[in-house]
Amino acid sequence: MSTVAHTGIDGSVVVRWMRRGAWIVLTLFLAAFAVFESVKYGFATSAAALLFFVLPDLTMFIGAKDALRDGAHEPGRLQPRAVPFYNALHRAWVPLIVLVGYTVSPVVWPPLFTAGLGWLTHIAMDRAAGYGLRTPEGFRKHV
């Protein structure tokens, strides 16, 4: 008899928390790596990391003025026209392509690398907190 079955905890709950724990570890690693690179290369790398750490959530402002004007705002809901932009900037493979591309290419510009680190750190932090992509209607998909 497994421990999970014995305690009455659903196996999917354990898997979900293990996944979130892995995202937490990744978040801490990426943040430490971004700080290391920022200290090593200076202000431009720090600015790039911070800008791209914040950038994915700026998509939430798309359509916000319309929602306030029309009185159609629901707490926790993103405007449907902002969803494609939000989801595009919250997919982990996009900054991974930036990081891998920078690593294998002859380009030597550290702010590009730290931008990818900041962006991926943001996504990992969201996943660690249980947030995923948005539905077409603008509601959160929990991880």
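Remember, it's a predicted structure, so these values are computed and weren't measured experimentally.

A separate point is the overall build of the chain. For the chain, the helix and strand inventory stands at 7 helices and 2 strands. Put simply, the chain runs from its N terminus to its C terminus through helices and strands in the order α-α-α-α-α-α-α-β-β. Across the 143 residues that make up the chain, the buried fraction comes to 34%. A fraction of 65% describes how many contacts in the chain between residues 6 or more apart in sequence connect residues 24 or more apart. For the chain, the accessible surface area stands at approximately 8,800 Å², while carbon and sulfur atoms represent 73% of it.

A separate point is helix H2 (residues 11-41). The end-to-end C-alpha distance of H2 is 45 Å, a good match for the 45 Å that 31 residues give at a rise of 1.5 Å each. All buried positions along H2 are accounted for by Arg 20, Trp 23, Thr 27, Leu 30, Ala 34, Glu 37 and Ser 38. Buried residues along H2 sit against helix H3 (43-58) and helix H7 (110-128). Trailing H2 by a residue or two, Gly 42 shows a phi angle of about 100°, which is positive.

Let us look at the confidence of the model for the chain. Across the chain, the average pLDDT comes to 89, with 88% of residues at or above 70. Across the chain, element-level confidence peaks in H7 with a mean pLDDT of 97 and bottoms out in helix H1 (residues 3-7) with 50. Note that pLDDT drops below 50 for residues 1-5; the model gives that stretch 5 contacts with residues more than four away or on any other chain.

The end-to-end C-alpha separation of H7 is 27 Å, in line with the 27 Å expected for 19 residues at 1.5 Å each. The buried fraction of H7 amounts to 17 of the 19 residues, a majority that puts the element mostly inside the structure. Of the residues trailing H7, Gly 130 is marked for its positive phi of about 100°.

To continue, consider the environment of Tyr 41. Note on placement: Tyr 41 falls in helix H2. Its relative accessible area of 42% is what places Tyr 41 among the partly exposed residues. Distance in space between the C-alpha atoms of Tyr 41 and Pro 110 is 7.0 Å, their sequence separation being 69 residues.

Contact pair H2 / H7: the axes reach a minimum separation of 8 Å and the direction vectors enclose 155°. When the axis of H2 is compared with that of H7, the two are roughly antiparallel. Relative to H7, H2 is oriented so that their crossing is left-handed. When H2 is examined against H7, the residues Arg 20, Trp 23, Ile 24, Leu 26, Thr 27, Leu 30, Ala 31, Phe 33, Ala 34, Glu 37 and Tyr 41 are found in contact with a partner set consisting of Pro 110, Phe 113, Thr 114, Leu 117, Leu 120, Thr 121, Ala 124, Met 125, Arg 127 and Ala 128. Partitioning the contact of H2 with H7 into residue classes produces 15 nonpolar, 3 polar and 3 charged.

In this section: the pairing of strand E1 (residues 131-134). Relative to strand E2 (residues 140-142), E1 runs antiparallel, the two being bridged by 2 bridges. Across the sheet, Arg 134 pairs through a bridge with Arg 140, a residue of E2. Connecting E1 to the next strand, E2, in antiparallel fashion are 5 residues, including Gly 138 with a positive phi near 100°.

Rules used in this analysis
Residues numbered from 1 in each chain as written. Predicted model: local features only at pLDDT ≥ 70, side-chain atom pairs only at ≥ 80, totals over all residues. Heavy atoms only, no water. Helix = DSSP H or I, 4+ residues; strand = E, 2+ residues; numbered from the N terminus. Buried < 20%, exposed > 50% of the residue type's maximum accessible area, 1.4 Å probe, protein only. Contact = heavy atoms within 4.5 Å. Areas by Shrake-Rupley, 256 points an atom, 1.4 Å probe, with all protein chains shown as cover. Expected span 1.5 Å × (residues − 1). pLDDT = per-residue confidence, 0-100. Axes fitted to C-alpha atoms, helices over the stretch in contact; angles between N-to-C directions. Parallel < 35°, antiparallel > 145°, perpendicular 65-115°, else oblique. Left-handed = near helix turned anticlockwise from the far one by under 90°. Nonpolar A, V, L, I, M, F, W, Y, C, P; charged D, E, K, R; others polar. Pairing = 2+ DSSP bridges.

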